[in-house]
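# Observations on the three-dimensional arrangement
Each chain, written out:
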Amino acid sequence: MPLMQLTSPHTKNNVSTQKMMLEVIGATLLGAGILTYHFGWGILINVLWASLVALGCEALVLKIRRKPISFYLRDGSALVTALLLALAIPPTAPWWLTLVGTAFAIIIAKQLYGGLGYNPFNPAMAGYALLLISYPVEMTSWLPPRSIAEHTQAHSLQGALQLFWSGAISTQTGLKTVDAFTSATTLDTLKTARTLSLTLEEATAQNPVLGSLSGWMVAPGWFWSNLAFLTGGLYLLKRKHITWHIPLSFLSALTVTASIAYYFKPTLGSPIFHLFSGATMLCAFFIATDPVSAATSQQGKLIYGTGIGLLTYIIRTFGGYPDAVAFAVLLLNLAAPTIDYYTQPRSYGHKKAKKGLHSL
Amino acid sequence: MNHQATFTKRNSQQQLPGGIHPPERKTLSNVAKLRQAPIPNQLVLPLNQHLGSVAKPIVTVGQKVLKGQQIAAAQGRISANVHASTSGTVLDIGLYAIAHPSNLPTTCIIIQSDGQDKAIDYNPIADPFNQTPETLRTAIETAGIIGLGGAGFPSAHKTNTQAHKPVHTLLLNAVECEPYITADDISLRERNREIITGCQLLCRASGATSIKIGIEDNKPEAIAALEHSLTQEILHYPVELTVVPTQYPSGGEKQLIQLLTGLEVPAKGLPTDLGLLCHNVGTAYAVYRAIELGEPLITRVTTLTGEALPAQARGNYEVRIGTPIKDLLTTLQTHWQNLNRLIMGGPMMGFTLQNLNVPVVKTTNCLIAATQTELPTSEPEQTCIRCGHCAEVCPASLLPQQLYWHTKAENHQALVQHNLFDCIECGACAYVCPSHIPLVQYYRFAKGEIRQHQAETTKSNRARQRFEARTARIEQAKAQREAQRAAHRKKVSDQRPSAKAQTSIETINDPEALKNAFLKAQKTWLDAQKALEYSQKNSPADTSKLEVKIEKLKTKAEQAKTQWEQAKGSN
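Residues numbered from 1 in each chain as written. Chains lettered and ligands numbered in written order. Predicted model: local features only at pLDDT ≥ 70, side-chain atom pairs only at ≥ 80, totals over all residues. Heavy atoms only, no water.

### Some remarks on the interface of chain B and chain A
Operational definition: Any two residues whose heavy atoms approach within 4.5 Å at even a single point are treated as in contact. Reported buried area values correspond to the accessible surface (1.4 Å probe) lost by two parts on association, with both partners' losses combined. Just to be clear on terms, a salt bridge is a Lys or Arg side-chain nitrogen sitting within 4 Å of an Asp or Glu carboxyl oxygen.
Listed as interface residues are 66 residues of chain B and, on the opposing side, 48 residues of chain A. The contact between chain B and chain A buries some 4,900 Å² in all, and 54% of this surface belongs to carbon and sulfur atoms. Considering only the side of chain B, the residues that lose the most area to chain A are Ile385(B), Arg386(B) and Gln417(B), jointly responsible for 15% of the buried surface there. Inspection of the region where chain B meets chain A yields two salt bridges. A salt bridge links Asp340(A) to Arg386(B); the shortest N-O distance between them is 3.5 Å.

### Some details on the sheet that holds strand β12 (residues 239-244) of chain B
All names here are of chain B. Note the following rule: At least two DSSP bridges between two strands are required for those strands to pair. Helix and strand assignments come from DSSP, with helices taken as H or I runs of at least 4 residues and strands as E runs of at least 2, each series counted from the N terminus. Only C-alpha atoms enter the line fits that serve as axes; for helices the fit covers just the stretch in contact. Angles between N-to-C directions range over 0 to 180 degrees.
Ordered in space as β1-β12-β11-β10-β13, the five strands form an open sheet in which the pairing is parallel. Across the chains shown, the open sheet's two edge strands, defined by having one partner strand only, are β1 (7-11) and β13 (276-280). Between one strand axis and the next, the sheet turns by 20° as a mean value, whatever way the strands run. With six bridges connecting them, strand β11 (residues 210-216) and β12 associate as parallel partners. Along β12, the bridge assignment pairs Ile215 with Val243. With respect to the sheet, helix α5 (residues 253-261) is in contact with β1, β10 (169-174), β11, β12 and β13, its orientation differing from that of β11 by roughly 110°.

### With respect to helix α16 (residues 325-342) of chain A
In plain terms, the rule: Given the number of residues in a helix, its expected span is that number minus one, multiplied by 1.5 Å. Throughout, the bend at a residue refers to the angle made by two axes, fitted to the seven residues ending there and to the seven starting there. Only protein chains enter the calculation, and the probe is 1.4 Å; a residue is then buried if its accessible area is under 20% of its type maximum, exposed if over 50%, and partly exposed in between.
Along its 18 residues, α16(A) runs 24 Å from first to last C-alpha, staying within 8% of the 26 Å computed at 1.5 Å per residue. At Ala335(A), α16(A) shows its strongest bend, of approximately 45°, with the proline Pro337(A) following within four residues. For α16(A), the set of buried residues is Val325(A), Ala326(A), Phe327(A), Ala328(A), Val329(A), Leu330(A), Leu332(A), Asn333(A), Ala336(A), Ile339(A) and Asp340(A). Elements in contact with the buried residues of α16(A): α6 (123-134), α14 (280-287) and α15 (298-318) of chain A together with α9 (400-408) of chain B.

### Structural notes on the sheet that holds strand β18 (residues 366-370) of chain B
Residue and element names in this part refer to chain B. Read across the open sheet, the six strands follow the order β2-β15-β14-β18-β16-β17; overall the sheet is mixed. The outermost strands of the open sheet, each flanked by one partner alone, are β2 (35-36) and β17 (351-352). As defined by bridge partners, β2 adjoins strand β15 (residues 315-320) across two bridges and the pair is classed as parallel. Across the sheet, residue Gln36 finds its bridge partner in β15, namely Glu318. Contacting β14 (299-305) and β15, helix α3 (residues 183-206) crosses the sheet at an angle of about 125° to β14.

### A few points about α5(B)
Residues and elements named next belong to chain B. Those residues of α5 that fall on the buried side of the exposure criterion are Gln255, Leu256, Ile257, Gln258, Leu259 and Leu260. Against β1, β10, β11, β12 and β13 lie the buried residues of α5. Gly262 lies just past α5 and shows a positive phi near 75°.

### Observations regarding the packing of aromatic side chains
To keep it simple, the criterion reads: Ring pairs are drawn from Phe, Tyr and Trp, using the six-membered ring of Trp, whenever the two centres fall within 6.5 Å, and their geometry is named by plane angle: stacked under 30 degrees, edge-to-face over 60, tilted for the rest.
As enumerated under the stated definition, the model contains 14 aromatic pairs over all chains in all. Judged by centre distance (5.0 Å) and plane angle (45°), the rings of Phe39(A) and Trp222(A) are tilted. Placement of the pair is Phe39(A) in helix α1 (residues 17-39) and Trp222(A) in helix α11 (residues 220-238), with a sequence separation of 183 residues. Assessed through its relative accessible area of 0%, Phe39(A) is described here as buried. When its relative accessible area of 7% is taken as the criterion, Trp222(A) is described as buried. Of the aromatic side chains, those joined through ring pairs into one cluster are Tyr118(A), Tyr404(B), Trp405(B) and Tyr442(B).

### Focus on the pairing of β13(B)
Along β13(B), five of the five residues are buried, which leaves the element largely enclosed by surrounding structure. Burial of the side chains of β13(B) extends over both faces: Leu276(B), Cys278(B) and Asn280(B) are buried on one face and Leu277(B) and His279(B) on the other.

### Re the side chain of His350(A)
Residue placement: His350(A) occurs in the segment after α16. Owing to a relative accessible area of 16%, His350(A) belongs among the buried residues under this scheme. The residues contacting His350(A), other than those within four sequence positions of it, are Glu264(B), Ala267(B), Asn419(B) and Asp422(B).

Read these as spatial facts, not as claims about activity.
Right, dumping it as structure tokens:
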């Protein structure tokens, strides 16, 4: 038998891209479950539909690019993109909304740049930004959490399927469109309350969606799902699939800015409110940590995370959209290569780190 | 002269940046005691087992040699002697395959063993600690000792610190961080006194004044043995034993220095820049044999391991340099049908062998006869997802994935900027890469490309300089000739002021010259006349121009005739 001729190293740990992606998917399951519990079956339908679309689009482009389809599909990255995007899409979304967003994410934001590893932008967030800009109404109307909802037809499997398919639910009183069931998200409600110059107490009284958690004012559904994503994120940290740099710097930056602002103007929302509303934890551990589009050196990751945290707060508070994670991430994606050039670590035997490209 | 012996043991506070913990698999080979490998039928002794110039054979084919007899001499400043490792007859001196990643054959001396293993008389050095460092270095050089840890740098040259910079501390590398390898572990358990003596001899030879020993905490027996003999032996130098945490690649020279001293070898520098010198356990033992027993380097301890070997055969062997690997594996009853990959060195930095007829050389610290299940073939390479695991484990704090991208883009400037040449090729990055990218191979390629590019640039620069110098030289010579010619012309014209004036026909009065001019003009005219007649006869071409020209030539000839006749008349 001829002897195997290979170069060193001859041994390898058993981590693979596929396993990493599967563990990322696994880590989101708890959060996805909590979201489904609070906001109905629509969440799960979105996730499944987006996954199907993502796999289909990926396979299509791979076929056009004449790449081995199953080899690339097996890496699981398309599923992760679909999952992250679907978790950010409202549970009432019709099928075409998810289709457009996912297809854009996979075909334009990922494959046109060369596929996994080559995309400068986080594909899920690129898809999300496209949807948010193009369909602001559909994208900003969420169901209220089951516990405080007036009608819960939209939370049921049957109702969610009807909304998914036709955008309306047939009831005894006739067809009811999405508007009948949805309300604004907590972040949105707070923003509206601020424009109306309501005090926090008034806002809470008018909109039960804002909720309250021992005076900290966090909507129940959002709080628990964020907590679940935090748990999933800590699991990824423990498994060393992500490092602490981006989540910690992101959450710290958000907390610090929110605390300062809250001190001067309580209607801007407490730091706890910001940490446990919207997509904060999903972003901290699953979106901002997407390695392909993030900065890679440790120092670079800290700058990158801090940037996202600051921008998230600024856009949330002063921008026109309720949540800001997608835009903050995309803007920092743009800055990541430059950050990397200026944050090279000091190598062994060198007195100081080389920064930038001109210090040759 | 017994110095105050001090011995301290501490656990390293220093941590490596990065590093990995691959499965150690050392128990495959560290249970059995050190054994003697049999004398092979034939020895294959390559002449370039070391770094530096190839040694030159000093025996002839057919000559009888004894064990320990020198058969090839070091050539040049960095080189090493080669000795026969058993007695016998020189069968051939020629090109044979050796264990080298390039698979290129090299000059080897083949010795047919006579089975008697008769040695020459060895000349040990008496009372070596009272000898000069030069004497010890000469003994090390004569014995053909090179770094047995793997690099194979001639030890005598390395120890000659007067040639470089003075050193104060000798580091003994007993870390042995690569998985599978236990040669140093077993040697330390069984030969710790000799190794400590050898280490002190190296210390004396290099002019160092203290010794630091580094060993990983996964070798408790070796640590205990070392501690025991360090407390029992007479020490000539203060010795500090440091137990470092088990982590690959803490046994790299640069990493060990960082662990034991907290210092970093400057980029492009050497440990001697810090006053340090690093030697391996195996080298220290060889130095002990060379100085205390007078025996040259003809054997070494090699770990023979891997699951393709029967369990009882795995272990450490004292192998004669030049033993063909096939003989060795046959004696150990290797399961040939299971042997999938044969690695010389460790699984992280070793290289695979293609040809089993290659010999064990001075740097062969380990042979792994691995099965397919033991070291499975790597999965196909996927795209880099920039996860950064490689950067987390890099002991040199490089950004391996940036190096990978720049290698693919052949961006040499960015590679140098990202300190490619500080990569020690330990393989930690490739070990953790989830996309199965053979990163080290990329870096080797890039280093080769850059070196070649630099060599070509140097070469073309030299060629350009040569060309420019040549052009300048030619120009200068030309100018010089011109100047000489001008000077000569001036001289001639000064001597014959009227010469120039006489060149025109009208002013010549010499009838002979005028006659010649007339004859020449007449001939030209008549030739032209002939040509006219020929062309009129053969082609209908327009000959009017030619006729005009002939008229002119005729007039010229007649003028010349008149002048000549006048001159004749006047004379």
